[in-house]
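Analysis of the macromolecular model
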Amino acid sequence: MSLSGTRIRYGSLAQASHWLTALLVLVAFLVSQGGPPTRVYAPSNAATLQLHESLGFTVLVLLVIRLAWRFFDRIPESPPMPLWMDVAAKITHWALYALLFAVPATAILGAWFGGHPVTVYGLGALGPFFGAWRLGASLAEIHGTLGDVLMWLAGLHAAAAIFHHVFLHDRVLKQMLPGLPNS
Ligand code: HEM
Ligand code: HEM
């Protein structure tokens with residue numbers, strides 16, 4: 001199995017980052033906590049918040065690596081399907097990439113503009129680098145909403161992949177699954 005993709009399969013780096021991202025997003029979502037800042041930043045919640053922020057930050061790092069690699073990688077051609085389906089799939093993929101950036105970015109900026117630190121990988125408090133602004137609370141709220149949108153869109157995307165496999169019998173799901181031959 002090669003690092004780069006072929007005409008009919010994603011390469012191992014694209015596959016590994018895809019499935020690791022899906023897992024990290026799911027766990028980050030499951031451990032996310034809302035409520036007023038007094039609850040979110042309460043000392044009793046610190047470990048859960050650090051876990052949430054570390055997982056989410058890793059999603060952002062993986063996104064940068066994945067998109068940089070995508071520039072050099074070969075992306076498989078779509079199997080035969082109606083044009084509207086192909087266009088809908090591509091729009092969904094780029095919407096997912098946009099959300100993978102916007103969700104962590106609004107969280108980090110929301111925390112800093114709200115006058116709160118960001119805590120990742122046990123490195124201690126990173127920031128805030130300026131005083132609290134009202135913008136912080138709005139960004140934190142947008143972050144939570146976009147996190148929900150990401151989960152719904154990823155769910156729809158996963159359902160579409162399974163639909164392709166079970167009902168259309170094409171290679172859409174198989175080309176993203178590891179352990180299959182390259183051609
Ligand atoms: C893809 C990754 C992420 C997902 C899916 C995600 C999802 C969520 C969701 C759904 C909530 C709202 C929970 C609720 O209101 O019930 C939330 C809250 C929060 N997240 Fe994330 N998050 C991610 C990444 C991050 C990152 C990278 C950080 C910071 C570095 C972060 C910091 C926070 C904070 C501080 C809150 C509480 C916001 C508030 O209500 O004041 N998240 N997250
Ligand atoms: C948070 C969860 C997920 C996110 C953010 C996500 C994101 C993405 C993105 C951005 C792509 C486009 C890859 C590219 O061309 O660069 C993609 C492709 C793909 N994903 Fe996901 N995905 C998630 C979960 C899943 C799940 C659970 C499944 C299967 C059940 C799945 C199946 C696929 C398949 C089969 C492709 C290739 C589609 C094609 O080539 O047309 N994904 N995913």
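Let us look at the structure shown here. (Residues numbered from 1 in each chain as written. Chains lettered and ligands numbered in written order. Predicted model: local features only at pLDDT ≥ 70, side-chain atom pairs only at ≥ 80, totals over all residues. Heavy atoms only, no water.)

1. Quick word on helix α1 (residues 12-30)
- Helix length check: α1 (19 residues) gives 27 Å between terminal C-alpha atoms against 27 Å at 1.5 Å per residue, within 8%.
- Within the sequence span of α1, burial applies to S12, A14, Q15, S17, H18, T21, L24, V25 and A28.
- Looking at the buried side of α1, the elements it contacts are α3 (46-72), α4 (83-113) and α5 (134-168). (Helix = DSSP H or I, 4+ residues; strand = E, 2+ residues; numbered from the N terminus. Expected span 1.5 Å × (residues − 1). Buried < 20%, exposed > 50% of the residue type's maximum accessible area, 1.4 Å probe, protein only. Contact = heavy atoms within 4.5 Å.)

2. Overview of the site of ligand 2
- The environment of ligand 2 is made up of 19 residues, and the closest members are H18, R70, Y97, H157 and Q175.
- At a separation of 2.8 Å, an oxygen atom of ligand 2 approaches a polar side-chain atom of Y10.
- Taking R70, its side chain carries an N or O atom lying 2.6 Å from an oxygen atom of ligand 2.
- A molecule is said to occupy a pocket when more than half its atoms come within 2 Å of that pocket's grid points, and by this definition ligand 2 occupies the largest pocket.
- Secondary-structure elements contributing two or more residues to the shell around ligand 2 are α1, α3, α4 and α5.
- Looking at side-chain class alone, the shell around ligand 2 contains 13 nonpolar, 4 polar and 2 charged residues. (Near = heavy atom within 4 Å. Polar contact = N/O pair within 3.5 Å; in protein donor to acceptor, adjacent residues only side chain to side chain. 1 Å grid on protein atoms, 1.4 Å probe; cavity = no way out; pocket = protein on both sides within 12 Å on 5 of 7 lines; lining within 4 Å. Sits in = over half its atoms within 2 Å of the grid points. Nonpolar A, V, L, I, M, F, W, Y, C, P; charged D, E, K, R; others polar.)

3. Thoughts on the environment of G34
- Note that G34 resides in the loop between α1 and α2 (37-40).
- The class of G34 is partly exposed, set by a relative accessible area of 40%.
- As for G34 and V149, which are separated by 115 residues in sequence, their C-alpha atoms are 15 Å apart.
- In this view, G34 contacts R39 and V40; residues no more than four positions away in its chain are not counted.

4. So, the coordination of the iron atom of ligand 2
- At the metal site, the iron atom of ligand 2 is ligated by H18 (NE2) and H157 (NE2), and these contacts range over 2.0 Å.
- Here the iron atom of ligand 2 binds 6 donor atoms, and the angle range of 87 to 179° at the metal identifies the geometry as octahedral. Placement of H18 in helix α1 and of H157 in helix α5 is noted, with a sequence separation of 139 residues between them.
- Overall, H18 belongs to the buried group, its relative accessible area being 15%.
- H157 gets classed as partly exposed once you look at its relative accessible area, which sits at 23%. (Donors = N, O, S within 2.8 Å, 3.2 Å for Na, K, Ca; no water. Tetrahedral: all angles 85-135°; square planar, octahedral: opposite > 155°, others 65-115°.)

5. Details of the packing of α4 against α5
- Two numbers describe how α4 lies on α5: the axes approach to 8 Å, and their chain directions differ by 155°. Taken together, α4 and α5 sit at an angle that is classed as roughly antiparallel. The way α4 lies across α5 gives a crossing that is left-handed. (Axes fitted to C-alpha atoms, helices over the stretch in contact; angles between N-to-C directions. Parallel < 35°, antiparallel > 145°, perpendicular 65-115°, else oblique. Left-handed = near helix turned anticlockwise from the far one by under 90°.)

6. Considering the nonpolar core
- Counting residues in each nonpolar core, the largest one holds 15 residues, and the members touching the most others are L24, V25, V59, L100 and L150.
- Going through the elements one at a time, α1, α3, α4 and α5 are the ones with two or more residues in this core.
- Here the element with the most residues in this core is α4; it accounts for 5 residues.
- If you look at the next biggest cluster of nonpolar residues, it comprises 6 residues, including L60, I108, W112 and V120. (Core = buried A, V, L, I, M, F, W, Y, C linked by side-chain atoms within 4.5 Å.)

7. What about unusual backbone geometry?
- Here the residue pair G127 and P128 is connected by a cis peptide bond, since its omega of 0° sits within 30 degrees of zero.
- Turning to its location among the elements, P128 is positioned in the loop between β2 (125-126) and α5.
- At Y121, a position not held by glycine, the phi torsion is positive, near 50°.
- Since its relative accessible area comes to 45%, Y121 is described here as partly exposed.
- The backbone of H169 shows a phi angle near 50°, a positive value even though the residue is not glycine.
- By the secondary structure assignment, H169 is in the segment after α5.
- Note on H169: relative accessible area 65%, which makes it exposed.

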